[in-house]
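# Structure assessment
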Amino acid sequence: MKNFININDVKDYKSLINETIDIKNNPYKYNHIGKNKVLGLIFFNPSLRTRLSTQKAALQLGMQTLNMNFINEGWQLEFEDQVIMSGNKAEHIKEAAKVISQYCDIIAIRAFALLNNKENDEKDLILNSFVKHATIPVLNMESSIAHPLQGLADALTIEENKNSIKPKIVLTWAPHPKALPHAVANSFINMCKCNDYKLVITNPKGYNLNNNITKGLEIIHDQKEAFKNADFIYTKNWSSYDSYGKVLINDNSWLINEDKMDLTNNAKFMHCLPVRRNVVVSDEVIDSNNSLVYQQANNRTFAAQNILKKLLSNER
Amino acid sequence: MKNFININDVKDYKSLINETIDIKNNPYKYNHIGKNKVLGLIFFNPSLRTRLSTQKAALQLGMQTLNMNFINEGWQLEFEDQVIMSGNKAEHIKEAAKVISQYCDIIAIRAFALLNNKENDEKDLILNSFVKHATIPVLNMESSIAHPLQGLADALTIEENKNSIKPKIVLTWAPHPKALPHAVANSFINMCKCNDYKLVITNPKGYNLNNNITKGLEIIHDQKEAFKNADFIYTKNWSSYDSYGKVLINDNSWLINEDKMDLTNNAKFMHCLPVRRNVVVSDEVIDSNNSLVYQQANNRTFAAQNILKKLLSNER
Amino acid sequence: MKNFININDVKDYKSLINETIDIKNNPYKYNHIGKNKVLGLIFFNPSLRTRLSTQKAALQLGMQTLNMNFINEGWQLEFEDQVIMSGNKAEHIKEAAKVISQYCDIIAIRAFALLNNKENDEKDLILNSFVKHATIPVLNMESSIAHPLQGLADALTIEENKNSIKPKIVLTWAPHPKALPHAVANSFINMCKCNDYKLVITNPKGYNLNNNITKGLEIIHDQKEAFKNADFIYTKNWSSYDSYGKVLINDNSWLINEDKMDLTNNAKFMHCLPVRRNVVVSDEVIDSNNSLVYQQANNRTFAAQNILKKLLSNER
């Protein structure tokens, strides 16, 4: 694989999951692969799980890591071509990507959606600019529109916990005081498609996700109806896609609580974290035995490790 | 030892010091212990000595380190239970501590006292929340009320420099323009108790430390009287404990200078650093041959290294 | 070599370049030299190339690295002697340098000119204070007045690309909206002198560099005249030295474009990066086959690696 930008970069997703399980069972099996190899981690946004799990993954492959919080440690970057750089941006992405490529073997990028302009966010400017100008593989650590490492960790978690061949998975919107991006939801949906899971999406009216991603999938605006017989409840807030980046609902009617979980088939609760307790999900649900949130976070390490391994060895 | 939160976590302090000296004499003796082990260093405050010496200690054990300045690299944390997280805190300590535990083998925390509420600081909320929710050993890199790695480095330094079995040690308050926490003084006192040193505390009226820590110890409000026959002068500012977090004195009458050092038994001068020259201590004293401040700082590495070794191997 | 502060610290510059080429051809040849050695990288300013290339160089020598962005991770430093530290500076450089020296084997410092006081900047206060008080070798990662690692990378690049024994090299000023330091230009000039290159400097009136550095060199105020027959065009903005730190020109008359490059002997284009496109240099020139900017950046790794090797082994 040349880059890992979204799930489509993977040839055979089922094999990917099986290989990731294999790495989880033996995390130091490939610890020679990264010898004298350097992973550069470039952050344009805060990060806890991604920061630590991706570094841990690299260490387990024997790689070295170089971290940069680009905003305050480097120079402000210009992403547009052919501009006269007389403002506050000191360096062009073209130079930044090319020089980082000379010091590293893989470059990992985190760059969230700004949520103020749909068209710009859809272009995934920062990530795609690195892909365009870097001369080494690029790893997506959450971009404007995709978070495929989270998707892979979620797939692994579902495979480890499913009780039937084709479980019913519900992706449910939940409330949040701030406008959040669509990347996690997008990648979760794409991952479910790759795995041929039975996926139902439930969200309030006005909160439908990008139709290019959801097309062919069932979207139900009645959350309780959607929860019936669910085996997995995957919870995530996102801001409105139609009224782009807007927060339209300020009540807790979509909070995930025990009453709603009781409607399911004893479903497992999933969330990518960080999560606002008692806004997105009640303490009772996230602290229950059915909660998989820590397992999801743990699986981030092995997801990253398998992808790094594939990028290093140019496997598909 | 399960965690290293304060000096009470150590079973036999004299053995601890001897083992630390042994490590100092042969710092790479245990460099196989940390193979494939990860130390996560989480900073909520600035750090120079602690940041570098703790990482150096880990490297000498063969450990990997992952650093996070939590304030600007991660998410704002909620520490209270059962709250509705609708404010500016994006993640609960419960999740943060548990997920970091999955990526690391030991988690080291620096979280200073805020000095605006005694009761809250005494609870040592951040550190104890990590202890409560982490599933791996927790190492205190200075909390609201204790700095036991500094205490151990100080003990090592005293042992290396004492000329009698039971030296007279004076812990003296000194002036400072800003309100500082009590953690270093608390841990120094507790360490002296463990070692059965003859400890005298001298501070202005209104600056007595927590009576639970000082009880049974001599507190003298006449600094010059206290200095007589001292073998070690351990200098540290702290804000008022009774008038919690207040700075009550703005003059230099308690500054440590040569005239005062002349009252001692040719005492060694100690301070944990950073120190404000000519406010806390005169240039002459800190630059004299009797100053042990650099040796104290150097001993931080070996103190951390022994504690990390014990945490990794679950020794007491 | 005890420290690497400027080019004068090198005994034989031609040998230095040849050794650096040797390292570039075999970057892991000396990967045993850094075993159990620690490089401390201390940044007072932003850094991309220097941050990553210097760490990469250390890794290729088998060294460990410890990073600090001193401004927000450590304490504000006092650099003046004998002051009463009652302001906002919590630690004296004397302590900081000495304690870092105990945790590291080499200390690398980046501290730009402030450009508000020529006399202060010329003293190179931060770097020289570390040199004065550190007890380990100090490596200059760009100071107020010198950037010798850049100079060495530039020398390497010229040697790799020159078509004649004594190429004509033009150091040309270029426009920039912000006031920039003189360090890169100073070190480039000193490097050219060491290598006995034919160097011509061209800059607008009012922009002559420090006469102590340029004396004996040709300075031409007609950029086009200077470009004639040039083999290398080394481009760099600097603020006025006479009207210290001032930006005197706000037009693009000194921009490097194809028309000007056409006046040369098919010259190579060089710049240390970061560069403002279409302010300093046109897209066409920097993107042309004659542009060496990425090669210069790549050579930073090997320049740093050779210097680190010399500092570790105390070679000259």
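Residues numbered from 1 in each chain as written. Chains lettered and ligands numbered in written order. Predicted model: local features only at pLDDT ≥ 70, side-chain atom pairs only at ≥ 80, totals over all residues.

## Looking at the relation of the copies chain B and chain C
- Screw-axis analysis of chain B against chain C gives a translation of 0.0 Å along the axis, an RMSD of 0.0 Å, and a rotation angle of 120 degrees. Here the copies are linked by what is in effect a three-fold axis. (Least-squares fit on C-alpha atoms with pLDDT ≥ 70 in both.)

## Comments concerning the packing of helix α7 (residues 148–161) of chain C against helix α13 (residues 293–313) of chain C
Residue and element names in this part refer to chain C.
- At a minimum axis separation of 8 Å, α7 and α13 run at an interaxial angle of 115 degrees. Judged by the twist between their axes, the crossing of α7 over α13 is right-handed. For the pair α7 and α13, contact is made by Leu149, Leu152, Ala153, Asp154, Leu156 and Thr157 and by Gln295, Gln296, Asn299, Arg300, Phe302, Ala303, Ala304 and Ile307, respectively.
- Of the residues that constitute the contact of α7 with α13, the class distribution is 8 nonpolar, 4 polar and 2 charged. (Axes fitted to C-alpha atoms, helices over the stretch in contact; angles between N-to-C directions. Helix = DSSP H or I, 4+ residues; strand = E, 2+ residues; numbered from the N terminus. Left-handed = near helix turned anticlockwise from the far one by under 90°. Contact = placed C-beta atoms within 7 Å. Nonpolar A, V, L, I, M, F, W, Y, C, P; charged D, E, K, R; others polar.)

## Describing the environment of Glu218 of chain B
Residue and element names in this part refer to chain B.
- Looking at the secondary structure, you find Glu218 in strand β9 (residues 218–220).
- C-alpha separation for the pair Glu218 and Ile201, spaced 17 residues apart in sequence, amounts to 6.2 Å.
- Once residues within four sequence positions are removed from consideration, Glu218 is found in contact with Val200 and Ile201.

## What to know about the environment of Val285 of chain A
- Checked against the element boundaries, Val285 of chain A lands in helix α12 (residues 283–286).
- Sequence spacing of Val285 of chain A and Gly62 of chain A is 223 residues, and the spatial spacing of their C-alpha atoms is 38 Å.

## A word on the domain arrangement of chain A
All names here are of chain A.
- Assigned domains within chain A: domain 1 (7–146 + 300–313) and domain 2 (149–296).
- Residue-level contacts link 23 residues of domain 1 with 21 residues of domain 2.
- Elements supplying a minimum of two residues to the side of domain 1 that touches domain 2: α1 (13–25) and α13 (293–313). (Domains from an automatic or database assignment.)

## Things to note about the interface of chain B and chain A
- Listed as interface residues are 24 residues of chain B and, on the opposing side, 26 residues of chain A.
- When residues of the side of chain B that touches chain A are traced back to their parent elements, those giving at least two are β1 (38–43), β2 (64–69), β4 (91–92) and α4 (93–103) of chain B.
- In terms of residues, the side of chain B that touches chain A owes the most to one element, α4 of chain B, which gives 7 residues.
- Taken together, the residues of the side of chain B that touches chain A sort by class into 12 nonpolar, 8 polar and 4 charged.

## A word on the pairing of strand β10 (residues 232–236) of chain B
Residue and element names in this part refer to chain B.
- Among the 5 residues that make up β10, 5 are buried, leaving the element largely enclosed by the rest of the structure.
- Relative to β10, strand β7 (residues 168–173) runs parallel, the two being bridged by 5 bridges. Each bridged residue has a counterpart across the sheet, and for Trp173 the counterpart in β10 is Lys236.
- Where β10 and strand β11 (residues 268–270) come together, 3 bridges link them in parallel fashion. Note on β11: the bridge partner recorded for Ile233 is Phe269. (Buried ≥ 20, exposed ≤ 12 C-beta atoms within 10 Å, placed from the backbone. Pairing = 2+ DSSP bridges.)

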